[in-house]
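# Coordinate inspection notes
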Amino acid sequence: MNDYLAQCFAPKNLNGLALKNRFIKAGTFEGMSPLGSVSQALMDFHNRMASGGIAMTTIGYCAIENDGRLHENMLYMHEGIRAPLTAMIQSLHDRDCKVSGQMGYGGGFSKNRQLERKRPLGPSFGINMLGVAQGMMFCDAMTQHDIDQLVLRYGEAASFMQSVGFDCLEIHFGHGYGLCQFMSPKTNRRRDHYGGSLQNRMRLPLQVLESVRKAVGDDFPIIGKISLTEGVKGGLDYNDAIAIGRMLDRGGIDGIVTSGGTSTMNPMIMLRGDNILQPMLKAEKSPLMRMMLHLAGPFMFKSYPYEELYFLEQAKRLRDAVDCNLIYVGGASTNNSFATLMETGFDFIQLGRSLLIDPDLPLRSQQEPDFRSRCLHCNECIATIEHPQGIHCPRTNNLSTDREFT
Ligand SMILES: Cc1cc2nc3c(=O)[nH]c(=O)nc-3n(C[C@H](O)[C@H](O)[C@H](O)COP(=O)(O)O)c2cc1C
Ligand code: SF4
């Protein structure tokens, strides 16, 4: 085994958290939390990931409050789920796996039928792309009071998550969700001190980071997932990512996860491989949403053929610009790639699809010198997000990730 590959299996600390190797399960919303509950399926899913040898798993999209959910079948952080969440995290700890929680807030993008407010809240008034089929046509602009409340909610959610046993928090700053909507000149049209210059657009994300840090203390790992580019005209680009990374680094973040794209405008840049439009059309039940997908799909789902390590060149630029840990994500699926990432100076590697198909990836990668994930990057798993039994790789012949590849 070459030295760089061997480094993947060496432990490393993330602000005091001892991780046994460099493999972290990326946040992939599991679709296993009906009406916001912690289901047995969710526990089984992460337990299965843990037994494959990852150092840390990420519970995908943990909304910081009820109205921060994209829909009602997502977790949100509140006392009602304390017992099952604590039990799930304990069972992952028993399997020698640390647990990160992805802190999500959808902003002006929601189809949550249990929304308490009249409309979802983003930086600016506009169309709520996700809610149209539910009759939730618009989102409102946040007032200063809404912003102050949101910052407080992040802090409260962080305290709750620390108290139930999470080892690390991952603030979602990317993919077009709430904080990203503030960061992006495409979606933030505010004229107050939260809009305009990048410094102003970063004000809320940095206040959120400060609030989360204050809640959990200096010795608790906080990482943030960003979009290196949104991949849309007038949106955040690769140069912005350098400035954003530096601001987060100065703001005291412990690590940055280097993703890209937005779920609403350009998801394919994040999920390179086969186009997800056809599988999404097949899975969509609402005729109105299907019609919208037919109309908007070709603009939204552009072609980005799969390449191994597709964010490497741009993530490397960030490596040179920041001191905090860098956590690479995007098309890492072979031993060669894992070694390259260590050689380039990344600290950890997040894995999404390659763990869905091969939960034993870390163990196999250590045993098989020429390991390559079986993932075909067909992206059919994306269309299983709203499947009654949650996400899975349809290329395996059952719903659990355990059985044989067909
Ligand atoms: C089924 C599925 C669900 C996903 N859900 C989320 C999510 O909830 N939050 C997030 O930040 N990224 C999500 N992603 C993106 C992954 O975290 C990751 O950035 C992406 O899959 C690229 O990494 P990979 O090439 O290792 O799969 C999802 C990806 C997949 C395949
Ligand atoms: S469906 Fe399976 S093979 Fe296709 S991208 Fe997802 S994990 Fe990979």
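Residues numbered from 1 in each chain as written. Chains lettered and ligands numbered in written order. Predicted model: local features only at pLDDT ≥ 70, side-chain atom pairs only at ≥ 80, totals over all residues.

## Let's talk about the overall build of the protein
The secondary structure content of the protein amounts to 14 helices and 13 strands. Here the C-alpha radius of gyration of the protein, 20 Å, is about what a compact globule of 406 residues would show, namely 22 Å. Out of the 406 residues belonging to the protein, those deemed buried represent 50%. In the protein, the share of contacts with a sequence separation of at least 24, taken over all contacts with a separation of at least 6, comes to 70%. (Helix = DSSP H or I, 4+ residues; strand = E, 2+ residues; numbered from the N terminus. Rg over C-alpha atoms; globule rule 2.2 N^0.38 Å. Buried ≥ 20, exposed ≤ 12 C-beta atoms within 10 Å, placed from the backbone. Contact = placed C-beta atoms within 7 Å.)

## Considerations on the site of ligand 1
In the vicinity of ligand 1 there are 25 residues, among which A26, T28, F29, G352 and R353 approach most closely. When contributions to the shell around ligand 1 are tallied by element, the ones reaching two or more residues are β4 (56-63) and α13 (353-357). Grouping the amino acids of the shell around ligand 1 by side-chain chemistry returns 12 nonpolar, 11 polar and two charged. (Near = placed C-beta within 6 Å. Nonpolar A, V, L, I, M, F, W, Y, C, P; charged D, E, K, R; others polar.)

## Here we look at the nonpolar core
As a rule of thumb, soluble globular proteins bury nonpolar side chains together. If you look at the biggest cluster of nonpolar residues, it comprises 98 residues, and the most contacted ones within it are L169, V212, I256 and I349. Excluding its chain neighbours within four sequence positions, the residues that come into contact with V212 are Y154, G155, A158, L169, I171 and I222. Core analysis: the second largest hydrophobic core is formed by seven residues, M268, M270, I276 and M280 among them. (Core = buried A, V, L, I, M, F, W, Y, C linked by C-beta atoms within 7 Å.)

## Examining the site of ligand 2
Taken together, 13 residues sit near ligand 2, with C375, C378, E380, C381 and C393 positioned nearest. Considered class by class, the residues forming the shell around ligand 2 number eight nonpolar, two polar and three charged.

## Details of the packing of helix α2 (residues 40-51) against helix α3 (residues 82-94)
A pair of packed helices is characterised by two quantities: the angle between their axes and the separation of those axes. Remark: α2 packs on α3, axes separated minimally by 9 Å, with the N-to-C direction vectors making an angle of 20°. Considering the angle they form, α2 stands roughly parallel to α3. α3 is crossed by α2, and the crossing has right-handed handedness. Seen from α2, the contacting residues are L42, M43, H46, N47 and A50; seen from α3, they are M88, S91 and L92. Looking at the contact of α2 with α3 residue by residue, the classes come out as five nonpolar, three polar and no charged. (Axes fitted to C-alpha atoms, helices over the stretch in contact; angles between N-to-C directions. Parallel < 35°, antiparallel > 145°, perpendicular 65-115°, else oblique. Left-handed = near helix turned anticlockwise from the far one by under 90°.)

## Comments concerning the pairing of strand β12 (residues 325-329)
Buried residues dominate β12, accounting for five of its five residues. Of the two faces of β12, the one lined by N325, I327 and V329 and the one lined by L326 and Y328 are each fully buried. Looking at chain direction, strand β11 (residues 255-259) and β12 are connected through four bridges and run parallel. Residue pairing across strands places G255 opposite N325, the latter belonging to β12. Looking at chain direction, β12 and strand β13 (residues 348-351) are connected through three bridges and run parallel. By the bridge assignment, Y328 is partnered in β13 with I349. (Pairing = 2+ DSSP bridges.)

## Digging into the sheet that holds strand β7 (residues 126-127)
Overall, mixed pairing links the three strands, which are arranged β6-β8-β7 in an open sheet. Either end of the sheet is taken by a strand with one partner, and the two such strands are β6 (121-122) and β7.

## Thoughts on the packing of helix α8 (residues 238-250) against helix α11 (residues 312-321)
Contact geometry for α8 and α11: axes closest at 9 Å, N-to-C directions at 30°. The hand of the α8/α11 crossing is right-handed. Seen from α8, the contacting residues are Y238, A241, I242, G245 and R246; seen from α11, they are Q314, R317, L318 and A321. Of the residues assigned to the contact of α8 with α11, the class counts are five nonpolar, two polar and two charged.

## Focus on helix α4 (residues 144-163)
The end-to-end C-alpha distance of α4, which contains 20 residues, comes to 29 Å, matching closely the 28 Å that a straight helix rising 1.5 Å per residue would cover. Where α4 is concerned, the buried positions are L150, R153, Y154, G155, A157, A158, F160 and M161. Residues of α4 that are buried make contact with β5 (98-104), β9 (168-172) and α7 (203-216). In the stretch just after α4, G165 is the one whose phi turns positive, near 115°. (Expected span 1.5 Å × (residues − 1).)

## Regarding the environment of M265
Note on placement: M265 falls in the loop between β11 and α9 (277-283). Considering only alpha carbons, one finds M265 and G235, 30 residues apart in sequence, at a separation of 10.0 Å.

## As for the pairing of β9
Within β9, five of the five residues are buried, leaving the element largely enclosed by the surrounding structure. Here β9 shows two buried faces, one formed by C168, E170 and H172 and the other by L169 and I171. Looking at chain direction, β5 and β9 are connected through four bridges and run parallel. Of the residues in β9, the one forming a bridge with Q102 is E170. Direction of pairing for β9 relative to strand β10 (residues 222-227): parallel, over a ladder of four bridges. Directly across from H172, in β10, lies its bridge partner K225.

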